[in-house]
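# Survey of secondary and tertiary structure
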Amino acid sequence: MKTIVRLDLSPQQANRVPAGDPVGEGSQIYFEGGDITGQTTDAIVNAANSSLMGGGGVDGAIHRAGGPAILEECRNIVARDGHLPPGEAVQTTGGKLKAAFVIHTVGPIWRDGMQGEAGILTSAYRNSMRLADRLALHSVALPAISTGVYGYPPKAAAEVAVSTVADELLASRSLHQARFVLWNSEMLSIFVQAARELQQRRKAEHWSFTTLEIDDSNP
Ligand code: APR
């Protein structure tokens, strides 16, 4: 069994608006463990580096699973526009992935927290979400950007990630579902805890959390 936590950001609105109206679907953030490359969302966000030439971690996994077409598109983007600055986002197709698009972004390298790291991490999530919305996508899967090789402390990263993604979801036209796909159960509980603390800080009593137990024995 796999545990997935769903956060509904607008359940009251969802009850009021007639079915079929896109607003009536409400906005949800899901939190789950696992490998992001298997996601069936419209797009997957990649924690890339500025060269867009691939790497380890989630970046390596996405290029391996998606095949060489993604790297080819990245090469063309860099040839046309140069390296991708930290905090920015660009899209390629998903290659062999189930997701139609990969949104490549670059998080900050953690130094001491005083070098603008939080602002860059906010921009990375915000620009990824806005790009997905501009592409008229409905759902996107996101990793814990910068918490691996780039060394961002997980709890601080989760606070930025959850608050930025919630804000963007509520402001978006087409995007209604964000799924945080976290590599291990420790990161999963840190992200869920950050979401609960955000709800308290914002006094958002209408937000509701649901824990779903999914049978994943027959993928
Ligand atoms: N699915 C989901 N999450 C994953 C996966 C995966 N397949 N693989 C790794 N992770 C997790 C890591 O455990 C970490 O919590 O993604 C998070 C981000 O880690 P990294 O992939 O190392 O990304 P980041 O810290 O942003 O560093 C970026 O790493 O691989 C290079 O090219 C990349 O240079 C860039 C740097």
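Quantities reported herein were computed from a predicted structural model and do not represent experimental measurements.

## Looking at the sheet that holds strand E8 (residues 208-214)
- Spatially, eight strands are ordered E4-E5-E3-E6-E7-E2-E1-E8 in an open sheet, and the strand pairing comes out mixed. Looking at the sheet topology across the chains shown, the edges are occupied by strand E4 (89-93) and E8. On average, each strand axis in the sheet is inclined to that of its neighbour by 25 degrees, with strand direction left out of account.
- Here five bridges tie strand E1 (residues 2-8) to strand E2 (residues 28-33), and the two strands are oriented antiparallel to one another. Bridge pairing in E2 links Arg6 to Tyr30.

## Here's the deal with the site of the ligand
- Close to the ligand lie 23 residues, the nearest being Asn49, Gly56, Val58, Asp59 and Thr147.
- A distance of 2.8 Å separates a nitrogen atom of the ligand from a polar side-chain atom of Asp35.
- Between an oxygen atom of the ligand and a main-chain N or O atom of Gly56, the distance comes to 2.7 Å.
- Protein chains shield 91% of the accessible area of the ligand, which is 690 Å² for the free molecule.
- With respect to the pocket detection grid, the ligand is positioned in the largest pocket.
- For the shell around the ligand, the secondary-structure elements that each account for two or more residues are strand E3 (43-48) and helix H2 (57-66).
- Considering every element that reaches the shell around the ligand, the biggest residue donor is H2, with four residues.
- Grouping the constituent residues of the shell around the ligand by class yields twelve nonpolar, nine polar and two charged.

## Remarks on unusual backbone geometry
- We note that Leu52 has phi near 60 degrees; this positive angle belongs to a residue other than glycine.
- Position of Leu52 among the secondary structure elements: in the loop between E3 and H2.
- Phi at Ala136 takes a positive value of approximately 65 degrees, unusual for a residue other than glycine.
- Following the sequence through the fold, Ala136 ends up in the loop between helix H4 (117-134) and strand E6 (139-142).

## Here we look at the side chain of His176
- Tracing the backbone shows His176 in the loop between helix H5 (154-171) and strand E7 (177-182).
- Of note is the side chain of His176, whose polar atom sits 3.2 Å from the backbone oxygen of Gly26.

## Looking at the layout of surface pockets
- Taken as a whole, the largest pocket spans an internal volume of roughly 620 Å³.
- Contributing to the lining of the largest pocket are 27 residues, with Ala47, Gly57, Val58, Asp59 and Gly148 lying nearest its centre.
- Secondary-structure elements contributing two or more residues to the lining of the largest pocket are E3, H2 and E7.
- Of all the elements, H2 adds the most residues to the lining of the largest pocket, at five residues.
- Among the residues making up the lining of the largest pocket, the classes are represented as 14 nonpolar, ten polar and three charged.

Calculation notes
- Residues numbered from 1 in each chain as written.
- Predicted model: local features only at pLDDT ≥ 70, side-chain atom pairs only at ≥ 80, totals over all residues.
- Heavy atoms only, no water.
- Pairing = 2+ DSSP bridges.
- Helix = DSSP H or I, 4+ residues; strand = E, 2+ residues; numbered from the N terminus.
- Axes fitted to C-alpha atoms, helices over the stretch in contact; angles between N-to-C directions.
- Near = heavy atom within 4 Å.
- Polar contact = N/O pair within 3.5 Å; in protein donor to acceptor, adjacent residues only side chain to side chain.
- Areas by Shrake-Rupley, 256 points an atom, 1.4 Å probe, with all protein chains shown as cover.
- 1 Å grid on protein atoms, 1.4 Å probe; cavity = no way out; pocket = protein on both sides within 12 Å on 5 of 7 lines; lining within 4 Å.
- Sits in = over half its atoms within 2 Å of the grid points.
- Nonpolar A, V, L, I, M, F, W, Y, C, P; charged D, E, K, R; others polar.
- Points joined across faces, edges and corners; volume = space filled by probe spheres on them.

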